Each structure stands twice: as C-alpha cells, then as structure tokens.
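Chain residues, written in single-letter form:
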Amino acid sequence: MGTKERRERAKDATRQKILDAARELFASEGYEAVSMRRIADAIEYSPTAIYMYFRDKADLMKELCYADYEAFTRQAQQFADVANPIQRIRLLARSYIRFAVEHPNHFRLMFMTKPTPEMVQMDEEEMRERGRGDPTRDGYAFLMQCIQQAIAQGWIREDLQHDPELVAQILWAGGHGVASLQVTRAEKEPLSLIHI
C-alpha cells in the first residue's frame, strides 16, 4: 500500500471516529447539549481537526443520519426478492427491531432524537440525490412499495386499501413501538419477536 492510500485510510478512520463519538454523545446527551468541542474532547482531538471534516455540528449530524439510514436501508434490501409482500413486511419489521437492538445509539439518534431546524434544511433535489422516494435507497419508500403490492394482491383489508400511507404509518408505528421498548427497557431479556 502506498503513502496516498495510507493517508486516505487514516482520514477515513479519523472521520469514522468523529462520527462514532458524535453519535454516542448526541444519543446520550441530546443534540443541543453537545458541542463540537465536546466531541473533540471525547476523541482527544482539537475542535479545529473536526472542522477539517465537517462544516459545523448540523453538517456532522446530517452525515450521521445519512450514514445510518443507508445502513438501515441496506439491511432492509435483503428482503427485496421475497415474493409475498406480507412476508416482506414482517421481515422488515423484524429487521427494524433487530437494528434497534443491535445498534441502540444509531436507533436513538435516527428515530428518537427530535431534529432541530438546522438539521433538516434540505431541498427537494438534495433529498432526491440521497435516495428519497427510491425503494432501493429509502426504507420508508420500500415499505410503501410492499404495502402497494399487498393492496394490489388483496392482502390488505378493503377499508384500508384506499390509503397506503395510513397503512404504512400504522405498521411503522407498531414496529417502532416494539423497537423503542427494546432500546429503552431496563431488563436484559429482549421482547419476543415471535408474533411479528
């Protein structure tokens, strides 16, 4: 490996170290309570070093969210070839809960941290570039695709067939509730996933 490759690896490792520390601090202390200096202290770097990688705290938070959503969507895509949309939805729910259990800090940051206005300033074009609405890159769009297929095949109750968005919200809320319980409950024993 040459010098350039070593430098790139070192940069990537430092960037990842910053992201990991920020994720943990944001999840445990809250976005507002954490400063760039606090993140720098956690990894024993100067705040100036962090600014070489991220413009500001909002930029860092956005990058964290993108990376974590991409990881979650990659995990969900393993079910894309399952023919039955209801089975796919069940597998997605289990995957969502498993993601929460295996990555509690990621989950807290993604789904249990209230976004601030500076974190969500994104125009439509940027959202599309990041995969918004593309079922292969957006977990929610993938769920919507599954629901629309389930409706087309007659798997969803007739009174709900006119509103796939409502069905998605109901299913996501149920899965999110179980996942949140898994992440926040004090007991060591995980909840059973048998009925999902």
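Please refer to the structure higher up on the page.
The rules behind each value
- Residues numbered from 1 in each chain as written.
- Predicted model: local features only at pLDDT ≥ 70, side-chain atom pairs only at ≥ 80, totals over all residues.
- Heavy atoms only, no water.
- Phe/Tyr/Trp six-rings, centres within 6.5 Å; stacked < 30°, edge-to-face > 60°.
- Buried < 20%, exposed > 50% of the residue type's maximum accessible area, 1.4 Å probe, protein only.
- Helix = DSSP H or I, 4+ residues; strand = E, 2+ residues; numbered from the N terminus.
- Core = buried A, V, L, I, M, F, W, Y, C linked by side-chain atoms within 4.5 Å.
- Contact = heavy atoms within 4.5 Å.

**Q** Help me understand the packing of aromatic side chains in this model?
**A** Each aromatic ring pair is described using two quantities: the centre-to-centre distance and the angle formed by the ring planes. Applying the stated rule across the entire model yields 10 aromatic pairs. Between phenylalanine 26 and tyrosine 31 the ring centres are 5.2 Å apart and the planes differ by 50°, which places this aromatic pair in the tilted class. Assessed through its relative accessible area of 1%, phenylalanine 26 is described here as buried. Both rings, one in tyrosine 96 and one in tryptophan 172, keep their centres 6.5 Å apart while their planes meet at 70°; by these two values the pair is edge-to-face. Taken as a pair, tyrosine 96 in helix α5 (residues 85-102) and tryptophan 172 in helix α9 (residues 164-184) lie far apart in primary sequence, 76 residues in all. Relative accessible area serves as the criterion here: at 5%, tyrosine 96 is assigned to the buried category.

**Q** Teacher, can you tell me more about the nonpolar core here?
**A** Note that soluble globular proteins tend to have their nonpolar side chains buried in a common cluster. Formed by 20 residues in total, the largest nonpolar core has its most connected members in Ile18, Phe26, Ile39, Ile50, Phe54 and Leu60. Counting residues per element, this core draws most heavily on helix α1 (residues 3-29), which supplies 6 residues. Excluding anything up to four places from it in sequence, isoleucine 39 contacts Ile18, Ala21, Ala22, Leu25, Phe26, Val34, Ile50 and Leu60. In terms of nonpolar packing, the next biggest core, distinct from the first, is built from 16 residues, Ala76, Ile89, Val167 and Ala168 among them.

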